[in-house]
There are 2 protein chains.
Amino acid sequence: MSVPDLPESEPSLDFAADVFERACPSREVIHTVTGRWGTLALVALGEGPYRFSALRRRVDGVSERMLSQTLQQLERDGFVHRDVQETIPPKVEYTLTARGVQVAAQLQSLIDLVEAQMPDILTDQAAYDARHP
Amino acid sequence: MSVPDLPESEPSLDFAADVFERACPSREVIHTVTGRWGTLALVALGEGPYRFSALRRRVDGVSERMLSQTLQQLERDGFVHRDVQETIPPKVEYTLTARGVQVAAQLQSLIDLVEAQMPDILTDQAAYDARHP
DNA sequence: CCGTATCCTTAACGATACTG
DNA sequence: CAGTATCGTTAAGGATACGG
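Presented here is a report on the structure given in the accompanying data block. (Residues numbered from 1 in each chain as written. Chains lettered and ligands numbered in written order. Predicted model: local features only at pLDDT ≥ 70, side-chain atom pairs only at ≥ 80, totals over all residues. Heavy atoms only, no water.)

### Notes on the overall build of chain A
Along chain A, the regular secondary structure elements total 5 helices and 3 strands. Overall, chain A shows an N-to-C arrangement of helices and strands of α-α-β-α-α-β-β-α. The globule rule puts the C-alpha radius of gyration for 133 residues at 14 Å, and the 20 Å found for chain A is more than 25% above it. The C-alpha extent of chain A, read off along each of the three principal axes, is 65 × 55 × 25 Å. With 133 residues in all, chain A has 41% of them scored as buried. Sequence-distant contacts in chain A: of pairs separated by 6 or more residues, those separated by 24 or more amount to 41%. Across chain A, the centroid of the 13 positively charged side chains sits 9 Å from that of the 20 negatively charged ones. (Helix = DSSP H or I, 4+ residues; strand = E, 2+ residues; numbered from the N terminus. Rg over C-alpha atoms; globule rule 2.2 N^0.38 Å. Buried < 20%, exposed > 50% of the residue type's maximum accessible area, 1.4 Å probe, protein only. Contact = heavy atoms within 4.5 Å. Lys, Arg positive; Asp, Glu negative; His and termini not counted. Charge placed at Lys NZ, Arg CZ, Asp CG, Glu CD.)

Below, the structure written as structure tokens:
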């Protein structure tokens, strides 16, 4: 009993992703997107296109190295488009792809939620710290 | 010219949170929530209450140490409630607070989005890797 | 201007062993 | 069962300097 040929119209990247499984590739994508700088870069680009330096100023505290690395990962996963203009001096503009717009919107909602509750969260933190000396 | 007294009806935890600012406390909260294990723990608890060991099995790959640490942070920020039953053997149940339900829902949406696009993302990754030898 | 390369420091993580 | 403690390892991160 051999395995019958698959109907191979599409290269069979069709599978069920599940972040709860240790080896699922979706985990690393989620990690890229929700990483310390990934989230901020995506949400910033949700405001509109940015050039490298401007984005670096917007995302306060990020180093050149980490911003560069983060943008590469986001580009690789198809969330960000990198547009190079071969002028002198060179000009590189980063924009969100359609996919990037979707996740940026989700992340923006999450941030809005958390920011709105920050006063209450700080109160809860203080109470917790008082209970755990 | 002295600073006039604030109308202090509330203990003035009223401020504008902004994740883009390096020192804003909302950053660490976002980091807790979107951290490698924070996200998975919150989404798992979105399915219903879990005991420690069951949660550890659900979140495939997490160590005892990291799960414990993650849950403490989530409890401190008021996303998770920890219910201890002093039986023998002891039984500890974790549930989401109202605040936790909100963020878990957001994270679930994000994960659904990413999981749905995983086939396309893998294709994009392969194309990117081919372009960057 | 837009990064990459290098070096170094810190923080995150995992495995294991052990306690209430 | 539900963790904490300790140790060693790995990965993330920052500073700086240099190249296209």
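### Concerning the protein's contact with DNA strand C
What surrounds DNA strand C is a group of 19 residues, the closest being Ser53(A), Ser68(A), Arg82(A), Tyr94(A) and Arg65(B). Ser53(A) has a polar side-chain atom sitting 2.4 Å from a phosphate oxygen of DNA strand C. (Near = heavy atom within 4 Å. Polar contact = N/O pair within 3.5 Å; in protein donor to acceptor, adjacent residues only side chain to side chain.)

### Notes on the pattern of salt bridges
If you walk through the whole model with that rule in mind, you get 10 salt bridges over all chains. Salt-bridge contacts for Glu47(A) lead to Arg58(A); the nearest nitrogen and oxygen are separated by 2.8 Å. Taken as a pair, Glu47(A) in the loop between helix H2 (36-45) and strand S1 (50-51) and Arg58(A) in helix H3 (residues 52-58) lie far apart in primary sequence, 11 residues in all. Assessed through its relative accessible area of 28%, Arg58(A) is described here as partly exposed. Each of the salt bridges in this network shares a partner with another, and the network as a whole consists of Glu28(A), Arg76(A) and Asp129(B). (Salt bridge = Lys/Arg side-chain N within 4 Å of Asp/Glu carboxyl O.)

### Concerning the packing of aromatic side chains
Per the counting criterion, the structure on display carries 0 aromatic pairs over all chains. The ring of Phe20(A) has Arg58(B) sitting right over it, with the charged end atom 3.9 Å from the ring centre. (Phe/Tyr/Trp six-rings, centres within 6.5 Å; stacked < 30°, edge-to-face > 60°. Lys NZ or Arg CZ within 6 Å of the ring centre and 35° of its normal.)

### Some thoughts on the protein's contact with DNA strand D
With respect to spatial proximity, 19 residues lie near DNA strand D, and among them Arg65(A), Ser53(B), Ser68(B), Arg82(B) and Tyr94(B) are the closest. Between DNA strand D and the protein, one listed contact pairs a phosphate oxygen with a side-chain N or O atom of Arg51(B) at 2.8 Å. At 2.6 Å, a side-chain N or O of Arg82(B) approaches a phosphate oxygen of DNA strand D. The greatest single-element share of the surface near DNA strand D, amounting to 4 residues, is contributed by helix H4 (residues 64-76) of chain B. Looking at the surface near DNA strand D residue by residue, the classes come out as 8 nonpolar, 4 polar and 7 charged. (Nonpolar A, V, L, I, M, F, W, Y, C, P; charged D, E, K, R; others polar.)

### Focus on the relation of the copies chain B and chain A
When chain B is brought onto chain A, the operation consists of a screw motion whose angular component is 180° and whose axial shift is 0.0 Å, with 0.0 Å RMSD remaining. Given the turn and translation reported, the copies of this chain are related as if by a two-fold rotation axis. The position closest to the rotation axis in chain B is occupied by the C-alpha of Thr34(B), lying 2.7 Å away. Mapped onto chain A, 100% of the interface residues of chain B again fall at the interface, so both copies present the same surface. (Least-squares fit on C-alpha atoms with pLDDT ≥ 70 in both.)

### What to know about the sheet that holds strand S2 (residues 80-85) of chain B
Backbone-to-backbone hydrogen bonds join strands into a sheet, with any given pair of strands oriented parallel or antiparallel. Residue and element names in this part refer to chain B. Strand order in the open sheet formed by 3 strands is S1-S3-S2, with antiparallel pairing between adjacent strands. Both outer strands of the open sheet, strand S1 (50-51) and S2, are each paired with one neighbouring strand and no more. Alignment of S1 against strand S3 (residues 91-96), held across 2 bridges, turns out to be antiparallel. Residue pairing across strands places Tyr-50 opposite Tyr-94, the latter belonging to S3. (Pairing = 2+ DSSP bridges.)

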